[in-house]
Amino acid sequence: LENLQPEIKTLAERLRYEVSVRGKQLGWSEKVARFHFKKNLRRIITELYVRDNCHPFKATLLVWVQIPMWVCVSLALRNCSVGATSSEVQEQFSTGGALWFTDLTAPDSTWILPVSLGLVNLLIVEV
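Residues numbered from 1 in each chain as written. Predicted model: local features only at pLDDT ≥ 70, side-chain atom pairs only at ≥ 80, totals over all residues. Heavy atoms only, no water.

1. Side note on the overall build of the protein chain
Here comes step 1: In terms of regular secondary structure, the protein chain is built from 5 helices and 0 strands.
Here comes step 2: Walking the protein chain from its N terminus toward its C terminus, one meets helices and strands in the order α-α-α-α-α.
Here comes step 3: Across its three principal directions, the C-alpha atoms of the protein chain cover 85 × 25 × 20 Å.
Here comes step 4: By the burial criterion, 12% of the 127 residues in the protein chain qualify as buried.
Here comes step 5: Here the contacts in the protein chain between residues at least 6 apart in sequence split such that 43% fall between residues at least 24 apart.
Here comes step 6: Total accessible area on the protein chain stands at roughly 10500 Å², and carbon and sulfur atoms take up 65% of it. (Helix = DSSP H or I, 4+ residues; strand = E, 2+ residues; numbered from the N terminus. Buried < 20%, exposed > 50% of the residue type's maximum accessible area, 1.4 Å probe, protein only. Contact = heavy atoms within 4.5 Å. Areas by Shrake-Rupley, 256 points an atom, 1.4 Å probe, with all protein chains shown as cover.)

Printed below as a string of structure tokens:
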């Protein structure tokens, strides 16, 4: 979108000139000329978005998918840890890890999981 801004600016200036010339030829009022300018500018910008495949909604699409996923995972983890009143579940958490994190009730002293989660999220945002 940022790369399109200079092109949009030049096209808008050219369109403004063409609309003003056409408006004087046809005797349009300022309001009618502004309406035609905005309508044609929207059409040109939409064509540029289609040409470069960069609609602004695509930038927010990932957020709309990630937020519900994050809420569901957070609630599931909270229900697993807080809702677990029996000692059996607590015992399963303390012995149910894998690789370097064998105890799921202890904090990650190596910082591998938080750093890798941060890097994956950064990668998702950048892609």
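2. Things to note about the pattern of salt bridges
Here comes step 1: In total, this model carries 3 salt bridges according to the counting rule given.
Here comes step 2: Note that Arg43 and Glu47 form a salt bridge whose closest N and O atoms lie 3.2 Å from each other. Of this pair, Arg43 and Glu47 both sit in helix α2 (residues 30–52), 4 residues apart, roughly one helical turn.
Here comes step 3: Overall, the relative accessible area of 46% leaves Glu47 in the partly exposed class.
Here comes step 4: In this structure, the salt-bridge partner of Asp52 is Arg51, at a minimum N-O distance of 2.9 Å. (Salt bridge = Lys/Arg side-chain N within 4 Å of Asp/Glu carboxyl O.)

3. Notes on the packing of helix α1 (residues 5–26) against α2
Here comes step 1: The interhelical angle for the contact between α1 and α2, taken along N-to-C directions, is 150°, at an axis separation of 10 Å. Here α1 lies roughly antiparallel to α2, going by the angle between them. With respect to the hand of their crossing, α1 and α2 are arranged in right-handed fashion. Here Glu7, Ile8, Leu11, Ala12, Leu15, Arg16 and Val19 of α1 come into contact with α2, specifically with Ala33, Phe37, Asn40, Leu41, Ile44, Ile45, Leu48 and Arg51.
Here comes step 2: Residues of the contact of α1 with α2, tallied by class, amount to 11 nonpolar, 1 polar and 3 charged. (Axes fitted to C-alpha atoms, helices over the stretch in contact; angles between N-to-C directions. Parallel < 35°, antiparallel > 145°, perpendicular 65-115°, else oblique. Left-handed = near helix turned anticlockwise from the far one by under 90°. Nonpolar A, V, L, I, M, F, W, Y, C, P; charged D, E, K, R; others polar.)

4. Notes on the nonpolar core
Here comes step 1: Membership of the largest hydrophobic core is limited to 12 residues, which are Leu4, Ile8, Ala12, Leu15, Val19, Ala33, Phe37, Leu41, Ile44, Leu48, Tyr49 and Cys54.
Here comes step 2: Mapped onto this core, the elements with two or more residues apiece are α1 and α2.
Here comes step 3: Per-element accounting of this core gives the leading share, 6 residues, to α2.
Here comes step 4: Contacts of Leu41, omitting those with residues within four sequence positions, involve Ala12 and Leu15. (Core = buried A, V, L, I, M, F, W, Y, C linked by side-chain atoms within 4.5 Å.)

5. Side note on a positive patch on the surface
Here comes step 1: Among the surface-exposed residues, Lys31, Arg34, Lys38 and Arg42 lie close enough to one another that they form a single positively charged patch.
Here comes step 2: For Lys31, a relative accessible area of 66% puts it in the exposed group. (Patch = residues over 30% accessible without salt bridge, like charges linked within 9 Å, V, L, I, M, F, W, Y side chains within 5 Å. Lys, Arg positive; Asp, Glu negative; His and termini not counted. Charge placed at Lys NZ, Arg CZ, Asp CG, Glu CD.)

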